[in-house]
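Fold and contact review
Spelled out, the chains give:
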Amino acid sequence: GDSVTQTEGPVTVSESESLIINCTYSATSIAYPNLFWYVRYPGEGLQLLLKVITAGQKGSSRGFEATYNKETTSFHLQKASVQESDSAVYYCALGDGSSGSWQLIFGSGTQLTVMP
Amino acid sequence: GGIITQTPKFLIGQEGQKLTLKCQQNFNHDTMYWYRQDSGKGLRLIYYSITENDLQKGDLSEGYDASREKKSSFSLTVTSAQKNEMAVFLCASSIETFPNERLFFGHGTKLSVL
């Protein structure tokens, strides 16, 4: 079945440093799945950070960017300069239609801590 | 804006017990979902429902029942709790069940089985 693999946490960086959280996917049911990054901030529910539904395109939100690379089957999350408020758990996910109906397949999550 | 409310926030059960988790949404969304998350793992889909009284099994449906009697509510029942089981159950909703739709999540119910 389809799967998502992402950077194992926890990840700790200092404020204003750059960040990359790796995400690679395996999609056997569909050639070009839709790709998502979700985030859970402390004390909040999981929420969509960004999505890209077209291969080769880039999505961005809150200073984060991710590019849909179908050659390397990757969707890495990057930010040039992180802030303490970016501390959260980040989940990469893909839209899967292998069972005849759509669902999201999630990675295991990456805990990010940004030190002041 | 809307909100998804899951109750209870914490649930402690005994081995073999039937346990029910509840979820309410006021987005007026058609589709609702139940996911399970184990420590260090991704979310896995248990059940989803595309409309009132509809139920669709996810990859992890064995050992669970679900009920969607109203558009705004979706309940999940653990039919027989397993000893030492510990997981977080997340409820979500979306406007439709399309692959590019955005899911809105509740804060979760944390289950512990003694």
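Everything below is about the structure shown above.
Note that this is a predicted model, so its numbers are computed, not measured.

Cut-off values and rules
Each residue is numbered by its place in its chain's sequence as written, counting from 1. Working convention: letters from A go to chains and numbers from 1 go to ligands, in the order in which they are written. Only residues with pLDDT of at least 70 get local features here, since the model is predicted, and only at 80 or more are side-chain atom pairs given and counted; chain-wide, interface and lining totals rely on the full set of residues. Derived side-chain values reflect all non-hydrogen atoms in the structure, with water molecules and hydrogen atoms excluded from consideration. Only heavy atoms enter the contact rule, under which two residues are in contact if any of them lie within 4.5 Å. Two parts placed together each lose some accessible area under a 1.4 Å probe, and the buried area is that loss summed for both. In what follows, salt bridge is the name for a side-chain nitrogen of Lys or Arg lying within 4 Å of a carboxyl oxygen of Asp or Glu. Polar contacts here mean pairs of N or O atoms no more than 3.5 Å apart (in protein, one a potential hydrogen donor and the other a potential acceptor; neighbouring residues in sequence count only if both atoms are side-chain atoms). Secondary structure elements follow DSSP: runs of H or I of four or more residues count as helices, runs of E of two or more count as strands, with numbering from the N terminus. Ten residues, namely Ala, Val, Leu, Ile, Met, Phe, Trp, Tyr, Cys and Pro, are considered nonpolar, four, namely Asp, Glu, Lys and Arg, are considered charged, and the remaining ones, Gly among them, are considered polar. Two strands qualify as a pair provided DSSP detects at least 2 bridges between them. Axes, fitted as lines to C-alpha atoms, cover a helix only where it is in contact. Angles between the N-to-C directions of the axes lie from 0 to 180 degrees.

1. With respect to the interface of chain A and chain B
In this assembly, 19 residues from chain A lie in contact with 20 residues from chain B. Surface buried jointly by chain A and chain B totals about 1700 Å² across both partners, of which 55% is contributed by carbon and sulfur atoms. Where chain A meets chain B, there are zero salt bridges. In this structure, the connection of chain A to chain B is made through five residue pairs in polar contact (both at pLDDT 80 or more). At the level of secondary structure, the elements contributing two or more residues to the side of chain A that touches chain B comprise strand 5 (35-40), strand 6 (47-52) and strand 11 (103-106) of chain A. Here the side of chain A that touches chain B is composed, by residue class, of nine nonpolar, seven polar and three charged.

2. Some words on the sheet that holds strand 8 (residues 73-78) of chain B
Sheet strands pair via backbone hydrogen bonds, and the direction of the pair is either parallel or antiparallel. All names here are of chain B. Strands sit in the order 1-3-8-7 across an open sheet of four strands; the sheet is antiparallel. Two strands lie at the open edges of the sheet, namely strand 1 (4-7) and strand 7 (64-70), each paired on one side alone. Neighbouring strand axes in the sheet, compared pairwise and without regard to direction, differ in orientation by 15° on average. The pairing of strand 1 with strand 3 (residues 19-25) spans four bridges and is classified as antiparallel. Counterpart to Gln6 in the pairing with strand 3 is Cys23.

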